[in-house]
Amino acid sequence: YVYQFDTTAWGWIHIVVGVLAMIIAIGMFAGAVWARVAAIVIASLSIIANFLWLPYYPWWSILLIALDLVVIWAVATWKSA
């Protein structure tokens, strides 16, 4: 099994990732290039994590991988005014 954490550790991981996502979102609203790069990195890491979950939750993992690909495409092709 890939993930050997208890539920408390998973809770803290999700809180930290959520706070990072909010900081990245604020940076994207401001048009910061670092936020675009960070969003692509986070979505790429999400693709890898969901690929590891494929044997356990195949449909959910495929859905999230597709959503992450759309996020990467949207962030990479976005042109600020």
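Summary of the structure given here. Note that the coordinates shown come from a computational prediction; the quantities given were computed from them, not determined experimentally. (Residues numbered from 1 in each chain as written. Predicted model: local features only at pLDDT ≥ 70, side-chain atom pairs only at ≥ 80, totals over all residues. Heavy atoms only, no water.)

**Structural notes on the packing of helix 1 (residues 7–30) against helix 2 (residues 33–52)**
Quick reminder of the rule: Lines are fitted to the C-alpha atoms to define the axes, a helix being fitted only along its stretch in contact, and any angle between axes, read from their N-to-C directions, falls within 0 to 180 degrees. A run of H or I in DSSP becomes a helix once it reaches four residues, and a run of E becomes a strand once it reaches two; helices and strands are each numbered from the N terminus. Each angle receives one of four descriptions, namely roughly parallel if under 35 degrees, roughly antiparallel if over 145, roughly perpendicular if within 65 to 115, and oblique otherwise. The sense of a crossing depends on the near helix, which, turned anticlockwise from the far helix by less than a right angle, makes the crossing left-handed and, turned clockwise, makes it right-handed. Pairs of residues are marked as contacts when any of their non-hydrogen atoms sit within 4.5 Å. Residues are grouped as follows: nonpolar covers Ala, Val, Leu, Ile, Met, Phe, Trp, Tyr, Cys and Pro; charged covers Asp, Glu, Lys and Arg; every other residue, Gly included, is treated as polar.
Relative to each other, helix 1 and helix 2 sit at 140°, their axes nearing to 8 Å. In terms of orientation, helix 1 and helix 2 fall into the oblique class. When the axes of helix 1 and helix 2 are compared, the crossing they make is left-handed. Two secondary-structure elements touch here, helix 1 through Ile23, Ile24, Gly27 and Met28 and helix 2 through Trp34, Ala35, Arg36, Ala38, Ala39 and Ile42. In terms of residue class, the contact of helix 1 with helix 2 is made up of eight nonpolar, one polar and one charged.

**Observations concerning helix 1**
Selection rule: Helices are assigned an expected span. That span is 1.5 Å times one less than the residue count.
Taking 1.5 Å per residue as the helical rise, helix 1 with its 24 residues ought to reach 34 Å, and the 35 Å between its terminal C-alpha atoms agrees with that figure. Looking one or two places after helix 1, you find Gly31, whose phi comes out positive at around 85°.

**What to know about the packing of aromatic side chains**
Using the following cut-off: Stacked, tilted and edge-to-face are the three classes assigned to paired rings of Phe, Tyr and Trp, where Trp is represented by its six-membered ring and a pair needs centres within 6.5 Å; plane angles under 30 degrees give stacked, over 60 edge-to-face, the rest tilted.
Within this structure, the stated rule accounts for two aromatic pairs. A ring pair is formed by Trp53 and Tyr56, whose centres lie 5.7 Å apart and whose planes are at 75°; its orientation type is edge-to-face. Look at Trp53 and Tyr57: their rings are 5.9 Å apart centre to centre, the planes differ by 40°, and that puts the pair in the tilted class.

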